[in-house]
Amino acid sequence: GEIHLIWDPCCQASSYIVQKSTSVNKPYKWAYEDVISSNNYTVTNLKSSKNYLFRIAAVSLKGKSSWSLPVKKKAP
């Protein structure tokens, strides 16, 4: 399965860090998924019917932003 993520672009962001967690209960175990330059991303190779958490951080000349709130998505 795959999940398409899209978020509002952050002003002056040159890239975004995407993280994924397969543990949907705290404490979350975050893993780097990718570093990209656009405000959308398709996560592939997911197990169907499994829940995942995702979070995003923007990166600009000023450094990395704080992480977004986690979003829970179920792979189709």
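Trainee: Please explain the overall build of the chain as it appears in this structure.
Mentor: A count of helices and strands for the chain gives zero helices and seven strands. When its helices and strands are written in sequence order, the chain yields β-β-β-β-β-β-β. Overall, the chain is about 40 × 25 × 15 Å in size when its C-alpha atoms are taken along their principal axes. The contacts of the chain with a sequence gap of at least 6 include a subset with a gap of at least 24, amounting to 57%.

Trainee: Whenever I open this one, the pattern of salt bridges confuses me. Can you help?
Mentor: Any two side chains of opposite charge can pair, so long as their charged atoms come close to each other. This model, assessed by the stated rule, comprises one salt bridge. A salt bridge links lysine 20 to glutamate 33; the nearest nitrogen and oxygen atoms lie 3.5 Å apart. Of this pair, lysine 20 sits in strand S2 (residues 15-21) while glutamate 33 is found in strand S3 (residues 30-36), placing the two residues 13 residues apart along the sequence. Here lysine 20 falls in the buried class, since its relative accessible area comes to 19%.

Trainee: Explain the packing of aromatic side chains here, please?
Mentor: How two aromatic rings sit relative to each other is set out by the distance from centre to centre and by the angle between their planes. Evaluation of the coordinates by the stated rule reveals three aromatic pairs. The ring of tryptophan 67 has arginine 55 lying over it, and the distance from NZ or CZ to the ring centre is 4.3 Å.

Trainee: Please explain the pairing of strand S4 (residues 40-43) as it appears in this structure.
Mentor: Working note: regular strand, side chains alternate between the two faces of the sheet. Along S4, the buried face is formed by Tyr41 and Val43; none of Asn40 and Thr42, which line the opposite face, is buried. As judged from the four bridges shared by strand S1 (residues 3-6) and S4, these two strands associate in the antiparallel manner. Looking across to S4, one finds that isoleucine 6 is bridged to asparagine 40.

Trainee: Before we go on, may I ask you to explain unusual backbone geometry in this structure?
Mentor: Leave glycine aside and you will find that most residues have negative phi; peptide bonds, for their part, are mostly trans. Here lysine 26 and proline 27 are connected by a cis peptide whose omega angle stands at 0°. In this model, asparagine 45 sits at a positive phi of 60°, which is unusual for a non-glycine residue. Position of asparagine 45 among the secondary structure elements: in the loop between S4 and strand S5 (51-60). Overall, asparagine 45 belongs to the exposed group, its relative accessible area being 75%. Even without being glycine, serine 49 reaches a positive phi, approximately 70°. With respect to the helices and strands, serine 49 occurs in the loop between S4 and S5. By relative accessible area, serine 49 is classed as exposed at 54%.

What counts, and where the lines are drawn
Residues numbered from 1 in each chain as written. Predicted model: local features only at pLDDT ≥ 70, side-chain atom pairs only at ≥ 80, totals over all residues. Heavy atoms only, no water. Helix = DSSP H or I, 4+ residues; strand = E, 2+ residues; numbered from the N terminus. Contact = heavy atoms within 4.5 Å. Salt bridge = Lys/Arg side-chain N within 4 Å of Asp/Glu carboxyl O. Buried < 20%, exposed > 50% of the residue type's maximum accessible area, 1.4 Å probe, protein only. Phe/Tyr/Trp six-rings, centres within 6.5 Å; stacked < 30°, edge-to-face > 60°. Lys NZ or Arg CZ within 6 Å of the ring centre and 35° of its normal. Pairing = 2+ DSSP bridges.

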